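Below, each chain spelled out in residue letters.
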Amino acid sequence: MDFSWKRNLIVLWVGVFFCSTAYSISIPFLPIFLHTTLGVNEHLEAWSGISFGITFLASALISPYWGSLADKYGRKPMLIRSGFSLALLYFLTYFITNPYLFIVLRIFQGLLAGYVPAAIALVATNTPEKNVGYALGVMATAGATGGIVGPLVGGVVSHIFGNAEAFLFSGVVVLVAAMIATFLVKETNMNRSGVRSNVREDLRSAVANRPLMSILGLSLMVTVSVMLLEPLLTVYVLQLGASQSEASLSAGIIFAAVGIATVIAAPQWGKLGTRIGYAKILFVGLLGGALGNLLQFFFTNLYGFGILRFMYGLFFAAVYPSINAMIVKVTEPEFRGRAFSLNQSATQLATMLGPVLGGVLGGLIPIRVVFIINGIALLATAILIYYKKPGPASQNVKQPVNDPQLATK
C-alpha cells in the first residue's frame, strides 16, 4: 500500500505552518512599522489599510495565472517559486525606509504568493480519494497553528530587536518553507505533456461548471464573514471591560481561541466528511458558526465571550476543509490547480473587502449588532447548502486542459 501521501501530508503541513507563521510574525505590526520605521505620521490608518489590502488584491488578480502554470508544470514548482520569492521580499522589506517602496513590495508579495493554495492542491491531487477529507482537515490546522504562533513570535522579536527585524525573521522562516518544498515534497499524478491552457478559457470553463462557481461564491461569502470581524474584535474587547493595557493580550487570546479550536476539530470534521458527505459537514459547520455569532450578541462578559468564540471555532473548523474537499469533488484532476487558484482569488478578494465592510459597519451600528448580521448571513448560507447541495461536476463540462487551440504560446 502506498503511504507516500502521508509523508507528503506531514511535509506540506510543516511547510504551510512555516509560511503562515512567517506571515503572521510581521503583518499584525504593520501600523507600528509604518509609523516608527517608515516615518508615516499622517493618515496612518489609510496607509495601514492600503498596505494590507493591496497584497490581497494583487494576489486575487494573479492567482488564475499561477493555477494554469500549476496544472501544466506541477504544484511543486509553484511552492518553490512562491517560497523563495516571498523570502526575498521579506528580506528586502528589512532595508526599506520609504513607505511608497513598501507598498510596491507589498504588491509583489501578492503577485508572487501562492504557497498555501499550491500545497492544498498538491495534497488534494496526490491523496487517495478516501483520505482526501482527512488530509484537507489536517492541512487546515497548519495555517491555524501558524496564525497562533506567529503573532507571539513576532511580538517577542519586535520587542527585543525591532519592527523591521520582524520582517527579517519572517524571511528566514518562509525560507525554511521554501527549502522544505524543494527537497522534501514529492509530486506524483502529474502529466506535463499537455499544452498550458489560456487563463481566459479557464475562467469560461469554471463559469460553465456551476457547482464549482457555487462553491467559489460560498468561499467568498464565508471569508467575508470571518474578516468582517477582524477590525472589530479588539475594539469590542475594550467595550466588554478590558483595560487599555490588557486589550491587546485579551484580544490575542480570543483570536487564538478560534485557531486552537480549528487545530482540535478540523481533522475530525475531515474524517467525518469522508463518511457522511462534505455537504452535510459544511451545513453543520455553517449552522454552528451562525449560532455562535448570534449568541455572541448576548454575551457581555469577557470570559464568556472568549469561551463562546472557542465553541464557534470548533464548529467553524468544518467549513474550509469541506469547501476544499468539495472543490476536489466537482473538478477533474487536471483542472484542480486552477480551481484552487480561483478559490484563492475569491478568498483574497473577501480578505480585502471584509475588514473594510466591517470597519464601516462598526462605525454605523453597535458592534454587537454586527454579530447578528454575521450570524444571519451564515444561517442563510447554511439553509442554502441544505436545500441545494453542490453536486459532482457535470460530465458535459469540458475542462480546457490539453486542447492545443487554447494554448497561450
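Remember, predicted model here, so these are calculated numbers, not experimental data. (Residues numbered from 1 in each chain as written. Predicted model: local features only at pLDDT ≥ 70, side-chain atom pairs only at ≥ 80, totals over all residues. Heavy atoms only, no water.)

1. Focus on the overall build of the chain
Along the backbone of the chain there are 17 helices and zero strands. Looking at the chain as a whole, 54% of its 409 residues qualify as buried. Here the contacts in the chain between residues at least 6 apart in sequence split such that 86% fall between residues at least 24 apart. By element, 69% of the accessible surface of the chain is carried by carbon and sulfur atoms, the whole surface being about 18,200 Å². (Helix = DSSP H or I, 4+ residues; strand = E, 2+ residues; numbered from the N terminus. Buried < 20%, exposed > 50% of the residue type's maximum accessible area, 1.4 Å probe, protein only. Contact = heavy atoms within 4.5 Å. Areas by Shrake-Rupley, 256 points an atom, 1.4 Å probe, with all protein chains shown as cover.)

2. Concerning the packing of helix 10 (residues 210–228) against helix 16 (residues 336–364)
Look at helix 10 against helix 16: their axes get within 7 Å of each other, and the N-to-C directions meet at 35°. As helix 10 packs across helix 16, the resulting crossing turns out to be right-handed. Across the interface between the two elements, Leu212, Leu216, Ser219, Leu220, Thr223, Val224, Met227 and Leu228 from helix 10 touch Ala339, Leu342, Asn343, Ala346, Thr347, Ala350, Thr351, Gly354, Pro355, Leu357, Gly358 and Leu361 from helix 16. The residue inventory of the contact of helix 10 with helix 16, partitioned by class, reads 13 nonpolar, seven polar and no charged. (Axes fitted to C-alpha atoms, helices over the stretch in contact; angles between N-to-C directions. Left-handed = near helix turned anticlockwise from the far one by under 90°. Nonpolar A, V, L, I, M, F, W, Y, C, P; charged D, E, K, R; others polar.)

3. Thoughts on the nonpolar core
In terms of nonpolar packing, the biggest core is built from 81 residues, with Leu12, Leu79, Phe102, Leu136, Leu212, Leu282 and Leu286 touching the most fellow members. Leaving out residues up to four positions away in the same chain, Leu286 has contacts with Leu218, Val222, Val319, Leu378, Thr381, Ala382 and Ile385. Listed in part, the 14 residues of the second largest apolar core include Val237, Leu240, Leu302 and Phe305. (Core = buried A, V, L, I, M, F, W, Y, C linked by side-chain atoms within 4.5 Å.)

4. Quick notes on helix 10
Under the 1.5 Å per step criterion, the end-to-end length of helix 10 is 27 Å for 19 residues, consistent within 8% with the ideal 27 Å. Listed as buried for helix 10 are Pro211, Leu212, Ile215, Leu216, Leu218, Ser219, Val222, Thr223, Val224, Ser225, Met227 and Leu228. Its buried side turned inward, helix 10 meets helix 9 (199–208), helix 13 (278–296), helix 14 (302–316), helix 15 (319–330), helix 16 and helix 17 (367–387). (Expected span 1.5 Å × (residues − 1).)

5. Some words on the confidence of the model for the chain
A residue-level look at the chain finds 89% of positions with pLDDT of 70 or above and a mean pLDDT of 83. Across residues 393–409 the pLDDT falls below 50, and counting only partners more than four positions away or on other chains, this stretch makes 34 contacts in the model. (pLDDT = per-residue confidence, 0-100.)

6. Some details on a nonpolar patch on the surface
A cluster of nonpolar side chains, contributed by Leu57, Leu61, Leu349 and Leu353, occupies part of the molecular surface with about 350 Å² of accessible area. For the nonpolar patch, the secondary-structure elements that each account for two or more residues are helix 3 (44–73) and helix 16. Along the polypeptide, Leu349 turns up in helix 16. Given a relative accessible area of 31%, Leu349 falls into the partly exposed group. (Patch = residues over 30% accessible without salt bridge, like charges linked within 9 Å, V, L, I, M, F, W, Y side chains within 5 Å. Salt bridge = Lys/Arg side-chain N within 4 Å of Asp/Glu carboxyl O.)

7. Some points on the packing of aromatic side chains
Using the criterion set out here, one finds 16 aromatic pairs in the structure. Ring centres of Phe33 and Phe102 lie 5.3 Å apart, and the angle between their planes is 55°; on these two criteria the pair is classed as tilted. In this pair, Phe33 sits in helix 2 (residues 30–36) while Phe102 sits in helix 5 (residues 99–112), placing the two residues 69 residues apart along the sequence. Judged by relative accessible area, Phe102 falls into the buried class, the value being 0%. In this structure an aromatic cluster arises from ring pairing among Trp13, Phe17 and Phe18. Between the NZ or CZ atom of Arg81 and the centre of the ring of Trp66, over which it lies, the distance is 3.6 Å. In this arrangement the basic side chain of Arg368 is found over the ring face of Phe297, its NZ or CZ atom lying 4.3 Å from the centre. (Phe/Tyr/Trp six-rings, centres within 6.5 Å; stacked < 30°, edge-to-face > 60°. Lys NZ or Arg CZ within 6 Å of the ring centre and 35° of its normal.)

8. A look at the packing of helix 1 (residues 4–26) against helix 6 (residues 115–126)
Two elements in contact, helix 1 and helix 6, have axes whose closest approach is 10 Å; the angle formed by their N-to-C orientations is 170°. Accordingly, the angle class assigned to the pair helix 1 and helix 6 is roughly antiparallel. Of helix 6, the residues touching helix 1 (which contributes Trp5, Asn8, Leu9, Leu12, Gly15, Val16, Cys19 and Ser20) are Tyr115, Val116, Ala119, Leu122, Val123 and Asn126. A class-by-class count of the residues in the contact of helix 1 with helix 6 yields ten nonpolar, four polar and no charged. (Parallel < 35°, antiparallel > 145°, perpendicular 65-115°, else oblique.)

9. Things to note about the side chain of Arg336
With respect to the helices and strands, Arg336 occurs in helix 16. Among the polar contacts made by the side chain of Arg336, one reaches the main-chain carbonyl oxygen of Thr331 at a distance of 3.3 Å. Those residues in contact with Arg336, other than ones at most four positions away along the chain, are Asp71, Arg75, Ala121, Ala124, Thr125, Val328 and Thr331. (Polar contact = N/O pair within 3.5 Å; in protein donor to acceptor, adjacent residues only side chain to side chain.)

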